[in-house]
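Fold and contact review
So you can see what is in the structure, the chains are spelled out below.
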Amino acid sequence: MAKNPRDNIITLPNPHLRQRSKKIGLITPEVRKLIASMEAAVKDWDKSREHEVTVAFAAVQIDKLYRVIIVRDDFEHKTPARYSALINPVVVKVEGDIERDYEGCLSIQHIYGHVPRHNKVRIKALDINGKEVRVKAEGFLARVLQHEIDHMNGRLFIDHIKDDPQAFFKLKSDGHLEQLDYEKDVRDNRLLW
Amino acid sequence: MKKMSETIVFFGSGPVAAEALQCLNEDFVIEAVVTKPVPPHHRGDFPVLSLAKKLGLQVYTPSNKQELSELFLTKPVQSKLGIVIDYGIIISRDVIDYFPLGIVNSHFSLLPRWRGADPITAAILHGDSETGISLMLIDEKLDEGELLAQAPYEISSPLTTPQLTKDLIELSHQTLVAVVPDYVAGHITPAPQEQVSIALLDSPTYSRKLTKEDGVIDWQKPAQQIEREIRAYIDWPKSRTQLGGIDVIITAAKVIELTGEPGKPVIQGKKLILPCGKQALQIIKLKPAGKQEMTAEAFLAGYNL
């Protein structure tokens, strides 16, 4: 049976999500191919969802443990989706206030978190041509970059809120969030921890 | 990382609203539709309601301002933004404030020109060479809210109200799709109309709701004015007069140089001409009571004036 690109996405409890990804040494055609398959997986996944949109994605999420992420150029417009790739991204500095907002992850099914993060961040990375880029991000983009760089180090958004019973939600089929029962659905959920 | 799509709540009732809803549904996730209820004994189509049901959207039908406010006390939606087009019920302050980003209205003129109920007809009646659409955050006053964006439209040829309406719906949709996501993302700061309007004529003017009497042609008016009325009123109330004792609706005419007794038909060969207060109108097409629309020539052949 033909496989959809979105079927390459791995989800918890796959242990690879908890591993560190390797640095890219040279930007070879294979790296470009990896980026193309990441984009294909994300676009295909978005098509299957009515109430959610992918804003960024890490290579580990299609089980390729390399330090590569793609970030959607435009978070709010539904179409057309374009992405920028960042290779070997690192956080240079976090600053600003801690803010909470909702975020989800394609590799953690059915759960949204109300996650505290710094609202400003500076990162450096290579672009697809191997040129160093530095990004000063604020607000939601700062959140997105922190989320993705966490993936490089085997860290997931639920790790930031694991002791907060108020921070876990699920997305209902009508697009609304509903708080999860922490005791029952989260704390001892073997899929998550 | 993924996030929840931004959703909107749509307020609209009339046929223009139905077309807008159809367009918006392609680019936005619509959480709910608020529309007028079907009046008792109403026959025929109720466009927004039937479209919303066809699209499988959540529908609410409060019948007046009070019921609308009561509906929102029950916290029925989570969207941060509402969009209102051709709704027909006044939205009170508490409902506007329910939405953290407010309620956007697409108004079919370059505000502050042609505030009020009928901006499209007003632009045609006044022979404006430009009009457009304005995206505005509604407040409690009539069309005085802060602007998010405006898009101009050049009126280069004589248009009728339905032609201009169709083009402005399309322009409105393009602008909403381009602007609303940027506004939701915080990239657009609303600003007062008097500061940012792109209208050439930017002092406030007001359109009024038409009445049936507006359709009765007053031949004492200048021909140019009556010709505009014919285009502006073509759907309703229609430009009506009597020719040779027969009730007719004039549907197309052009201004020509001729003087004569206003309203008294002049026949030149196969041309039917009506002198006005200034200049005259050559009738191109008309519709006698109970008959199909016909050319002036066909009318002259069939009726004795």
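1. With respect to the overall build of chain A
Counting its secondary structure elements, chain A contains four helices and eight strands. Counted from the first residue to the last, chain A has its helices and strands arranged as α-β-β-β-β-β-β-α-α-β-β-α. By the compact-globule yardstick of 16 Å for 193 residues, chain A fits well, its C-alpha radius of gyration being 16 Å. Oriented by its inertia axes, the alpha-carbon framework of chain A measures out at about 50 × 45 × 35 Å. Burial status across chain A gives 31% buried among its 193 residues. Of the contacts formed within chain A by residues at least 6 apart in sequence, a portion of 62% connects residues at least 24 apart.

2. Side note on the sheet that holds strand E5 (residues 81-84) of chain B
Residue and element names in this part refer to chain B. The strand order E4-E3-E2-E5-E6-E8-E9 describes an open sheet built from seven strands, whose pairing is mixed. In the strand order of this sheet, the two ends are held by strand E4 (58-60) and strand E9 (147-154), each with one partner. For this sheet the average axis-to-axis angle between neighbouring strands, irrespective of direction, equals 20°. Sheet topology note: the strand E2 (residues 7-11)/strand E3 (residues 29-34) ladder contains five bridges and is parallel. Pairing of Phe10 across the sheet is with Val33, part of E3.

3. Description of the packing of helix H1 (residues 15-27) of chain B against helix H6 (residues 161-184) of chain B
Residues and elements named next belong to chain B. Following both chains from N to C, one finds H1 and H6 inclined at 30°, their axes separated by 10 Å at the closest point. Classed by the angle they form, the pair H1 and H6 counts as roughly parallel. Considering how the two elements wind past one another, H1 and H6 form a crossing that is right-handed. Listed contacts from H6 to Val16, Glu19, Ala20, Cys23, Leu24 and Asp27 of H1 are Thr165, Ile169, Ser172, His173, Leu176 and Val177. Of the residues in the contact of H1 with H6, the class split is seven nonpolar, three polar and two charged.

4. Focus: the domain arrangement of chain B
Residues and elements named next belong to chain B. Per the domain assignment, the segments of chain B are domain 1 (7-207) and domain 2 (212-302). Relative to domain 2, the C-alpha centre of domain 1 lies at a distance of 35 Å. Every contact between the two is made by nine residues of domain 1 and, on the other side, six residues of domain 2. Taken together, the elements giving at least two residues each to the side of domain 1 that touches domain 2 come down to helix H5 (119-125) and H6. By residue class, the composition of the side of domain 1 that touches domain 2 is five nonpolar, four polar and no charged.

5. Description of the environment of Leu106 of chain A
Note on placement: Leu106 of chain A falls in the loop between strand E4 (83-105) and strand E5 (108-126). You can call Leu106 of chain A buried: it has 23 C-beta atoms within 10 Å.

6. Quick look at the interface of chain B and chain A
Taken together, the contact between chain B and chain A spans 15 residues of the former and 22 residues of the latter. Breaking the side of chain B that touches chain A down by element, the ones donating at least two residues are strand E1 (2-4), E3 and H6 of chain B. A class-by-class count of the residues in the side of chain B that touches chain A yields six nonpolar, three polar and six charged. Bridge count for strand E1 (residues 52-54) of chain A against E1 of chain B is three bridges, and the pairing is antiparallel. In the strand pairing of E1 of chain B, Glu52 of chain A is matched with Met4 of chain B.

7. Things to note about helix H2 (residues 47-54) of chain B
In an α-helix there are 3.6 residues to a turn, and that puts residues three or four apart on one side. Residues and elements named next belong to chain B. Along H2, the residues classified as buried are Val48, Leu51 and Ala52. The buried residues of H2 occupy an angular sector of 100° when the element is viewed end-on, so they sit on one face. In H2, the exposed positions that point more than 90 degrees away from the buried face belong to Ser50, Lys53 and Lys54. Packing partners of the buried residues in H2 comprise H1, E3 and E4. Positive phi shows up at Gly56, right after H2, with a value of about 70°.

8. A look at the pairing of E5 of chain B
All names here are of chain B. The side-chain alternation of E5 yields two buried faces, one formed by Leu81 and Ile83 and the other by Gly82 and Val84. Pairing of E2 with E5, which is carried by four bridges, proceeds in the parallel orientation. In the sheet register, Val9 faces E5, and the bridge partner there is Gly82. Where E5 lies against strand E6 (residues 103-107), three bridges are found, and the strand directions are parallel. When the bridges of E6 are listed, Ile83 appears paired with Val104.

9. Details of the pairing of E4 of chain A
All names here are of chain A. Direction of pairing for strand E3 (residues 68-72) relative to E4: antiparallel, over a ladder of five bridges. Residue pairing across strands places Val68 opposite Ile87, the latter belonging to E4. Relative to E5, E4 runs antiparallel, the two sharing 14 bridges. Following the sheet pairing, Asp101 is matched in E5 by Val115.

Cut-off values and rules
Residues numbered from 1 in each chain as written. Chains lettered and ligands numbered in written order. Predicted model: local features only at pLDDT ≥ 70, side-chain atom pairs only at ≥ 80, totals over all residues. Helix = DSSP H or I, 4+ residues; strand = E, 2+ residues; numbered from the N terminus. Rg over C-alpha atoms; globule rule 2.2 N^0.38 Å. Buried ≥ 20, exposed ≤ 12 C-beta atoms within 10 Å, placed from the backbone. Contact = placed C-beta atoms within 7 Å. Pairing = 2+ DSSP bridges. Axes fitted to C-alpha atoms, helices over the stretch in contact; angles between N-to-C directions. Parallel < 35°, antiparallel > 145°, perpendicular 65-115°, else oblique. Left-handed = near helix turned anticlockwise from the far one by under 90°. Nonpolar A, V, L, I, M, F, W, Y, C, P; charged D, E, K, R; others polar. Domains from an automatic or database assignment. Arc of directions from axis to C-beta.

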